[in-house]
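# Coordinate analysis (summary)
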Amino acid sequence: MDDSKRIVLNILYTNNVIGDKFLDILKPYDLSGEQYNVLRILRGQKGNPANMCVIQERMITKNSNTTRLIDKLLLKELVTRNVCPENRRKIEVEITKKGLNILLELDPKVKEYEENFANNLLPEEIQQLISLLEKYRQVK
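Quick caveat: nothing in here was measured; it's all calculated off a predicted structure.

The rules behind these values
- Residues numbered from 1 in each chain as written.
- Predicted model: local features only at pLDDT ≥ 70, side-chain atom pairs only at ≥ 80, totals over all residues.
- Heavy atoms only, no water.
- Helix = DSSP H or I, 4+ residues; strand = E, 2+ residues; numbered from the N terminus.
- Buried < 20%, exposed > 50% of the residue type's maximum accessible area, 1.4 Å probe, protein only.
- Lys, Arg positive; Asp, Glu negative; His and termini not counted.
- Charge placed at Lys NZ, Arg CZ, Asp CG, Glu CD.
- Contact = heavy atoms within 4.5 Å.
- Salt bridge = Lys/Arg side-chain N within 4 Å of Asp/Glu carboxyl O.
- Core = buried A, V, L, I, M, F, W, Y, C linked by side-chain atoms within 4.5 Å.
- Patch = residues over 30% accessible without salt bridge, like charges linked within 9 Å, V, L, I, M, F, W, Y side chains within 5 Å.
- Areas by Shrake-Rupley, 256 points an atom, 1.4 Å probe, with all protein chains shown as cover.
- Pairing = 2+ DSSP bridges.

## A few points about the overall build of the chain
Along its length, the chain carries 6 helices and 3 strands. If one aligns the C-alpha atoms of the chain with their principal axes, the spans along those axes are about 55 × 35 × 25 Å. Buried positions account for 26% of the 140 residues belonging to the chain. Averaging the locations of the 23 positively and 20 negatively charged side chains of the chain gives two centres separated by 5 Å.

## Re the side chain of Thr66
Within the fold, Thr66 resides in helix α4 (residues 66-75). Those residues in contact with Thr66, other than ones at most four positions away along the chain, are Met52, Ile55 and Gln56.

## Thoughts on the pattern of salt bridges
Enumeration over the complete set of coordinates arrives at 5 salt bridges. Of the charged contacts, one joins Asp3 and Arg6 as a salt bridge, the two residues approaching to 3.5 Å between their closest N and O atoms. With Asp3 and Arg6 both in helix α1 (residues 3-26), this residue pair falls 3 residues apart, about one helical turn. A relative accessible area of 53% places Asp3 in the exposed class. Given a relative accessible area of 46%, Arg6 falls into the partly exposed group. A salt bridge links Asp30 to Lys76; the shortest N-O distance between them is 3.7 Å. In this pair, Asp30 sits in the loop between α1 and α2 (33-43) while Lys76 sits in the loop between α4 and β2 (79-83), placing the two residues 46 residues apart along the sequence.

## Overview of the nonpolar core
Within the largest apolar cluster, 26 residues are counted, with the highest numbers of intra-cluster contacts made by Leu31, Val38, Leu39, Leu42, Ile55 and Leu106. Elements supplying a minimum of two residues to this core: α1, α2, α3 (52-58), α4, β3 (91-95) and α5 (97-118). In this structure, Leu39 is in contact with Leu31, Leu73, Leu78, Val79, Ile95 and Leu103, ignoring residues within four places of it in sequence.

## A word on unusual backbone geometry
Phi is mostly negative for residues that are not glycine, and the peptide bonds are mostly trans. The backbone phi angle of Lys46 is positive, close to 50°, even though this residue is not glycine. One can find Lys46 in the loop between α2 and β1 (50-51). By relative accessible area, which is 72% here, Lys46 ends up exposed. Even without a glycine there, the phi angle at Glu77 is positive, about 60°. Along the polypeptide, Glu77 turns up in the loop between α4 and β2.

## Some remarks on a nonpolar patch on the surface
On the surface, Met1, Ile7, Val8, Leu9, Ile11, Leu12, Leu121, Leu129, Leu133 and Tyr136 cluster together into a nonpolar patch covering about 850 Å² of accessible area. At 5 residues, the largest contribution of residues to the nonpolar patch is made by α1. As for its placement among the helices and strands, Ile7 is situated in helix α1. Accessibility expressed as a relative area gives 37% for Ile7, which makes it partly exposed.

## Digging into the pairing of β3
Where β1 meets β3, 2 bridges bridge the pair, whose relative direction is antiparallel. Looking at the pairing, Ala50 lines up with Val93 of β3. With 5 bridges joining them, β2 and β3 adopt antiparallel strand pairing. What sits directly across from Val83, in β3, is Ile91.

In short, geometric facts, not functional conclusions.
What follows is the structure, encoded as structure tokens:
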């Protein structure tokens with residue numbers, strides 16, 4: 001097997017390991033990774049609503065169906081959705097207190113999860129890995 005194939009397979013395998021462990025954290029909260037990402041984006045708005053375009057732009061997984069994600073979060077009462085008073089075609093989404101509380105509960109668990117992966121590397125290896133991954137993503 002050539003090195004280019006080994007790199008891709010290792011990255012894909014690593015992505016699966018990271019993702020599976022993350023889903024284990026979210027499972028008790030009945031959240032998907034994409035739903036969690038939406039909640040984090042909305043918390044980052046610091047009380048200001050976000051429209052669907054803003055949410056979509058900031059998503060880690062760009063092919064997510066944002067409308068479907070918001071609908072599921074609405075059913076769980078983790079977000080609110082309202083029509084913008086200035087532009088009736090624009091939908092504004094805000095995180096609820098319940099959504100914020102779930103994120104507060106998840107924050108230490110997510111931090112521990114992230115640190116567990118980083119603990120396998122020395123500080124200089126972490127910087128090197130970050131640099132290499134950023135460089136690797138710059139495909140022409």
